[in-house]
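# Results of the structural survey
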Amino acid sequence: GNSVTQMEGPVTLSEEAFLTINCTYTATGYPSLFWYVQYPGEGLQLLLKATKADDKGSNKGFEATYRKETTSFHLEKGSVQVSDSAVYFCALLSGAPYNQGGKLIFGQGTELSVKP
Amino acid sequence: DVKVTQSSRYLVKRTGEKVFLECVQDMDHENMFWYRQDPGLGLRLIYFSYDVKMKEKGDIPEGYSVSREKKERFSLILESASTNQTSMYLCASSLGFGNYEQYFGPGTRLTVT
């Protein structure tokens, strides 16, 4: 079945460090891929997405490239800030023929802590 | 802005109680979802609904039921709460019709004692 695997956390970085959070997936076909972020005490927010191979999603300085050959969608940011401290979830969209909405399958989440 | 609201941020219930978690969205979205979030497990889909009065089981429906009588409201029901249902519950909605971005509520942290 479809699945998403993320690198385990927590990840602790100093401000302005480079961030990579690894995400790989298993799926049939070519699913859409997403990164969601959950700030403390809040629900999840969509951070970025990519809908086909080689697409690059970007938002707020974060980027991720849909790599079909390695089935990966790693999240990167060149210079993290304290305000980026949150839990990051990688997800893929699993369509169902009887459902217009599609189902998201999430990785286990990676907690990021950025120190001043 | 899309707004998804959940009836409670924190809830404490006793084993065996019937528990209702309510979710309301204000953007006329077709699809609504209930997840539970547990450390190390990410989010797991309990139930979803793609139309009023329609529901589909997700990956972990056992011990839960849902109700969607109106388009904007999706309720999660724990018929007889158990301690292993202590968790964070997140509701989400999406427009549908090819637009699959899901918008999440702030979550309800349920503790069953």
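The coordinates are above.
About the criteria used
- Residues numbered from 1 in each chain as written.
- Chains lettered and ligands numbered in written order.
- Predicted model: local features only at pLDDT ≥ 70, side-chain atom pairs only at ≥ 80, totals over all residues.
- Heavy atoms only, no water.
- Helix = DSSP H or I, 4+ residues; strand = E, 2+ residues; numbered from the N terminus.
- Disulfide = S-S within 2.5 Å.
- Buried < 20%, exposed > 50% of the residue type's maximum accessible area, 1.4 Å probe, protein only.

This part takes up unusual backbone geometry. Both trends apply: most residues other than glycine have a negative phi, and most peptide bonds are in trans. All names here are of chain A. Residue P10 is reached from G9 by a cis peptide bond, and omega for that bond is -5 degrees. Mapped onto the fold, P10 is located in the loop between β1 (3-6) and β2 (11-14). A positive phi angle, near 75 degrees, is found at D54, a position not held by glycine. With respect to the helices and strands, D54 occurs in the loop between β6 (44-50) and β7 (56-59).

Attention now moves to the state of the cysteines. A complete count under the given rule lists two disulfides over all chains for this structure. Disulfide pairing is shown between A:C23 and A:C90; the S-S distance is 1.9 Å. The disulfide joining A:C23 to A:C90 has a torsion of about -70 degrees about its S-S bond and is therefore left-handed. With A:C23 in strand β4 (residues 23-26) and A:C90 in strand β10 (residues 86-96), this pair connects stretches of sequence that are 67 residues apart. A:C90 sits in the buried class, given a relative accessible area of 1%. Put simply, B:C23 and B:C91 are joined by a disulfide, and their sulfur atoms are 1.9 Å apart. The sign of the S-S torsion, about -75 degrees, decides the handedness of the disulfide formed by B:C23 and B:C91: left-handed. With B:C23 in strand β3 (residues 19-25) and B:C91 in strand β9 (residues 87-94), this pair connects stretches of sequence that are 68 residues apart. Take B:C23: its relative accessible area is 0%, and that puts it in the buried class.

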